[in-house]
Amino acid sequence: MSLLNQDTRDQLTEMFAALQKPVKMVVFTQEFECQYCQETRQIAEELASLSDKISLEVYDFVKHKALADQYGVDKIPATVILEGGQNGKDFGIRYYGIPSGYEFSSLIHDVMMVSEGDPQLSKEMTDWLAELKTPVHLQVFVTPTCPYCPQAVLLAHRLAMASDMVQADMVEATEFPHLSNKYHVMGVPRTVINETVFQEGAAPELLLLDKLKEAVAVAA
Amino acid sequence: MTFELNINGFSLDNQANDYDVIIIGGGPAGTTAAIYTARSELRTLVIDKGLTAGALGVTSKISNYPGVPGPISGAKLVEIMREQAESFGATFITDKVVGLMVDGEQKEIIAGTGNYRAKVVILATGAMGRTSTVKGEEALLGRGVSYCATCDGAFFRDQDVAVIGNNDEALEEALFLTKYAQTVHLIVPTPELKARDVLAYEVAENPKIKVRLATRLKEIVGNGRVEHILIHPRQGEPETVPVTGAFVYLQGSQPITDFLMGQLATTAEGCLVVDNDMQTSLPGVFAVGDLLCTHIKQAVVAASDGVLAAVAADKYVNGRKKAVVDWG
């Protein structure tokens, strides 16, 4: 049975008509033991079916371990959004856990953003990213019922798109309780920057920039 | 553990969500603006938290609103205004705005039910925001202190939590939390509940919710995470209630601007700065009513702000259209 209803499919088909560059989705799943693997794969399949500009590759996390390593994927379900086509590029945009609820809109925004090729960041942020020499890893913990979370996820993903030094993960907190414990997640969104610096809530761009500077200073 | 997939019907951008004017806040200022913009045939959406969410909505008797001899309840007065706005074609939705981007020509509003776009935004969120936090609240934010039960409820499965506040939102969130928590202590500062009857009834009937009336929250206590709250009943001694979560929905008299995330100029007191047309520091973004703190807090004054902003919004939308035609 289809997860997307006809109304949603119609809306998405109309939106995807504006897609420019091709977009590729790579989903890592597993035959057994993954709670929302099947649904995550199905969401990606249904999205890909709505536009010729969206392609999809599905891999088994165990059987295709080398490929998972190449993408830096260490847990499933995982969804990677990248630019498709011959000059395709992996920006470091990751979803761990099912992109459902409010995060479904993040996924759609990311597809549109990667296709347009413009992360739409402020000059301050763009300038800072251009000088960035230290790798930055953002993990944005979310729940699917959190209306504030997509803002935090999308900002992190925009940074990943803008800089090769940045990787940004959405992490669905209830599917990865060990990570929620490790990073003391009791409220979302909570963004973990390079394991050392934390941001509560959906921070505006310049507030997050201060935190990024803090995290880079710790690393230096 | 299960949750609804919820991938249909909301959170998507689509043209149905495009408006000429979006008004945030459905009190007297916002609703009056809607009457005027809708009557000027501007496609108008009002996003409001609920009839009793604002200062007028919680006022019990009004007898000095011109043309309405009363006494009439604030909620009823807002309802009449709303029906008037709807009769001219304005659309009202009950929702909470969680963010907005208003610096471009097209303004984008992010609400719980999805994203909306408009040429003009009129802010009318009033002044029932909190003036201060309680001891321990900031330090324990994200460590058990939360402002969003739907976001964070899942982290408190089978635990005891507290909800502090007395409005529709607080009661709705308390009821939501009963899906996860063992016990929900509802700490209400006033001697009686101020919420819709049906909500108050549901809360009273729910065996998981323990209501404490006329009780103030003094402190949220914990070392690294919330361990208990310190409360003080109006008649009685302070006491501690062991909880791992504290969901705070208290109100005050501060303009509600947190959702703007500093995008607009404000005074030192946190009031929005506007020009004679009620326009803020960004073009196409207007602010009206108690957000401004420039005048006495009366419904009729707020309503008059709404008219000024609506007329200016009409000029803004249609003026721009004419200019485009001229250049063409």
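Above this text you will find the structure in question.
Residues numbered from 1 in each chain as written. Chains lettered and ligands numbered in written order. Predicted model: local features only at pLDDT ≥ 70, side-chain atom pairs only at ≥ 80, totals over all residues. Heavy atoms only, no water.

S.K.: Got a minute to help me understand the overall build of chain A in this structure?
M.R.: Along chain A, the regular secondary structure elements total 8 helices and 8 strands. The C-alpha radius of gyration computed for chain A amounts to 17 Å, which stays within 12% of the reference 17 Å derived for 220 residues, consistent with globular compactness. Projecting the C-alpha coordinates of chain A onto the three principal axes gives extents of approximately 50 × 35 × 35 Å. For chain A, with 220 residues in total, the buried portion stands at 59%. Sequence-distant contacts in chain A: of pairs separated by 6 or more residues, those separated by 24 or more amount to 73%. Roughly 9,100 Å² of accessible area belongs to chain A as shown, and the carbon and sulfur atoms make up 52% of that amount. (Helix = DSSP H or I, 4+ residues; strand = E, 2+ residues; numbered from the N terminus. Rg over C-alpha atoms; globule rule 2.2 N^0.38 Å. Buried < 20%, exposed > 50% of the residue type's maximum accessible area, 1.4 Å probe, protein only. Contact = heavy atoms within 4.5 Å. Areas by Shrake-Rupley, 256 points an atom, 1.4 Å probe, with all protein chains shown as cover.)

S.K.: Hey, could you run me through the packing of helix α1 (residues 28-39) of chain B against helix α2 (residues 74-87) of chain B in this one?
M.R.: Each pair of packed helices can be described by the angle between their axes along with the distance between the axes. All names here are of chain B. Contact pair α1 / α2: the axes reach a minimum separation of 8 Å and the direction vectors enclose 20°. With respect to α2, the element α1 is oriented roughly parallel. Along this stretch, α1 crosses α2, giving a crossing that reads as left-handed. Judged by residue contacts, Pro28, Thr31, Thr32, Ala34, Ile35 and Ala38 of α1 engage Met81, Arg82, Gln84 and Ala85 from α2. Class assignment for the residues of the contact of α1 with α2 results in 6 nonpolar, 3 polar and 1 charged. (Axes fitted to C-alpha atoms, helices over the stretch in contact; angles between N-to-C directions. Parallel < 35°, antiparallel > 145°, perpendicular 65-115°, else oblique. Left-handed = near helix turned anticlockwise from the far one by under 90°. Nonpolar A, V, L, I, M, F, W, Y, C, P; charged D, E, K, R; others polar.)

S.K.: Is there a simple way to explain helix α4 (residues 168-177) of chain B in this structure?
M.R.: Think of an α-helix as 3.6 residues a turn; residues three or four steps apart then line up on the same face. Residue and element names in this part refer to chain B. α4 sits mainly inside the fold: 8 of its 10 residues count as buried. Taken together, the buried positions of α4 are occupied by Asp168, Ala170, Leu171, Glu173, Ala174, Leu175, Phe176 and Leu177. Tucked into the core, α4 has its buried residues touching α3 (149-152), β8 (160-165), β9 (183-187), α5 (197-205), β10 (209-212) and β14 (245-249).

S.K.: Help me understand the sheet that holds strand β11 (residues 215-221) of chain B in this model?
M.R.: The pairing of strands in a sheet happens through backbone hydrogen bonds and is either parallel or antiparallel. Residues and elements named next belong to chain B. Read across the open sheet, the 3 strands follow the order β11-β12-β13; overall the sheet is antiparallel. The sheet is open, and its two edges are formed by β11 and β13 (239-242), each paired on a single side. Looking at each pair of strands side by side, their axes are set apart by 30° on average, direction ignored. As defined by bridge partners, strand β12 (residues 228-233) adjoins β13 across 4 bridges and the pair is classed as antiparallel. Counterpart to isoleucine 231 in the pairing with β13 is glutamate 239. (Pairing = 2+ DSSP bridges.)

S.K.: Can you help me understand the state of the cysteines in this one?
M.R.: Covalent bonding between the sulfur atoms of two cysteines defines a disulfide. Residues and elements named next belong to chain B. Within this structure, the stated rule accounts for 4 disulfides over all chains. At a sulfur-sulfur separation of 2.2 Å, the disulfide partner of cysteine 148 is cysteine 151. The disulfide joining cysteine 148 to cysteine 151 has a torsion of about 75° about its S-S bond and is therefore right-handed. Of the two residues, cysteine 148 and cysteine 151, both sit in the buried class. Across a sulfur-sulfur distance of 1.8 Å, cysteine 271 and cysteine 293 are joined as a disulfide pair. For the disulfide bridge between cysteine 271 and cysteine 293, the dihedral angle about the S-S bond is near -110°, and by the sign convention the bridge is left-handed. Of this pair, cysteine 271 sits in the loop between β14 and β15 (285-287) while cysteine 293 is found in the loop between β15 and α6 (299-327), placing the two residues 22 residues apart along the sequence. For chain A, the disulfide bridges join cysteines in the arrangement 1-2, 3-4, where the cysteines are counted in sequence order. (Disulfide = S-S within 2.5 Å.)

S.K.: Hey, could you run me through empty space enclosed by the protein in this one?
M.R.: The probe, sized like a water molecule, is rolled over the atoms to show the empty space still left. Residue and element names in this part refer to chain A. Counted according to the given criterion, the structure contains 1 cavity of 30 Å³ or more. Within this model, the largest cavity holds a volume of roughly 60 Å³. The wall of the largest cavity is formed by Ala152, Leu155, Ala156, Thr191, Gln199, Gly201, Ala203 and Leu208. The greatest single-element share of the lining of the largest cavity, amounting to 3 residues, is contributed by helix α6 (residues 149-162). Residues belonging to the lining of the largest cavity are distributed by class as follows: 5 nonpolar, 3 polar and no charged. (1 Å grid on protein atoms, 1.4 Å probe; cavity = no way out; pocket = protein on both sides within 12 Å on 5 of 7 lines; lining within 4 Å. Points joined across faces, edges and corners; volume = space filled by probe spheres on them.)

S.K.: Can you help me understand the pattern of salt bridges in this one?
M.R.: Opposite charge on two side chains permits pairing when their charged atoms draw close. Residue and element names in this part refer to chain B. The tally for this structure, following the rule as stated, stands at 20 salt bridges over all chains. Across the salt bridge formed by lysine 49 and glutamate 169, the nearest N and O atoms sit 3.3 Å from each other. Of this pair, lysine 49 sits in the loop between β2 (44-48) and α2 while glutamate 169 sits in helix α4, and the two are 120 residues apart along the sequence. Put simply, Lys49, Lys96 and Glu169 are held in one network by salt bridges that share partners. (Salt bridge = Lys/Arg side-chain N within 4 Å of Asp/Glu carboxyl O.)

S.K.: For this particular structure, what's the right way to read the nonpolar core?
M.R.: For soluble globular proteins, nonpolar side chains are generally found buried alongside one another. In terms of nonpolar packing, the biggest core is built from 103 residues, with Phe16 and Leu47 of chain A touching the most fellow members. In terms of residue count, the dominant contributor to this core is α6 of chain A (8 residues). Leaving out residues up to four positions away in the same chain, leucine 47 of chain A has contacts with Leu4, Leu12, Phe16, Met25, Ile54, Phe104, Leu107 and Ile108 of chain A. Of all hydrophobic cores here, the second largest spans 48 residues; its members include Ala33, Val102, Leu123 and Leu291 of chain B. (Core = buried A, V, L, I, M, F, W, Y, C linked by side-chain atoms within 4.5 Å.)

S.K.: For this particular structure, what's the right way to read the interface of chain B and chain A?
M.R.: One frequent convention defines the size of an interface as the accessible area lost when the parts assemble. Taken together, the contact pairs 36 residues of chain B with 41 residues of chain A. Approximately 3,200 Å² of surface area, both sides summed, lies buried where chain B meets chain A, with 63% of it carried by carbon and sulfur atoms. Across the chain B-chain A interface, the total number found is 0 salt bridges. Summed over the shared surface of chain B and chain A, the number is 6 residue pairs in polar contact (both at pLDDT 80 or more). If you list the elements that add at least two residues to the side of chain B that touches chain A, you get β4 (97-101), β5 (107-111) and α3 of chain B. Per-element tally for the side of chain B that touches chain A: the top contributor is α3 of chain B, with 3 residues. (Buried area = accessible area lost by both parts, 1.4 Å probe. Polar contact = N/O pair within 3.5 Å; in protein donor to acceptor, adjacent residues only side chain to side chain.)

S.K.: What's the story with the packing of aromatic side chains in this structure? I'm lost.
M.R.: Geometrically, a pair of aromatic rings is defined through the distance of the ring centres and the angle of the planes. Applying the stated criterion to the full structure yields 5 aromatic pairs over all chains. Centre to centre, the rings of phenylalanine 156 of chain B and phenylalanine 247 of chain B are 5.5 Å apart; their planes meet at 75°, and the pair counts as edge-to-face. Highlighted residues: phenylalanine 156 of chain B in the loop between α3 and β8 and phenylalanine 247 of chain B in strand β14, separated in sequence by 91 residues. Residues phenylalanine 156 of chain B and phenylalanine 247 of chain B agree in their burial class; the two are buried. Following the ring pairs from residue to residue traces out a cluster consisting of Phe28, Tyr59 and Tyr71 of chain A. Across from the ring centre of tyrosine 96 of chain A, 4.1 Å away, lies the NZ or CZ of lysine 75 of chain A, which sits over that ring. A cation over a ring is seen here: arginine 43 of chain B above tyrosine 19 of chain B, with NZ or CZ 4.4 Å from the ring centre. (Phe/Tyr/Trp six-rings, centres within 6.5 Å; stacked < 30°, edge-to-face > 60°. Lys NZ or Arg CZ within 6 Å of the ring centre and 35° of its normal.)

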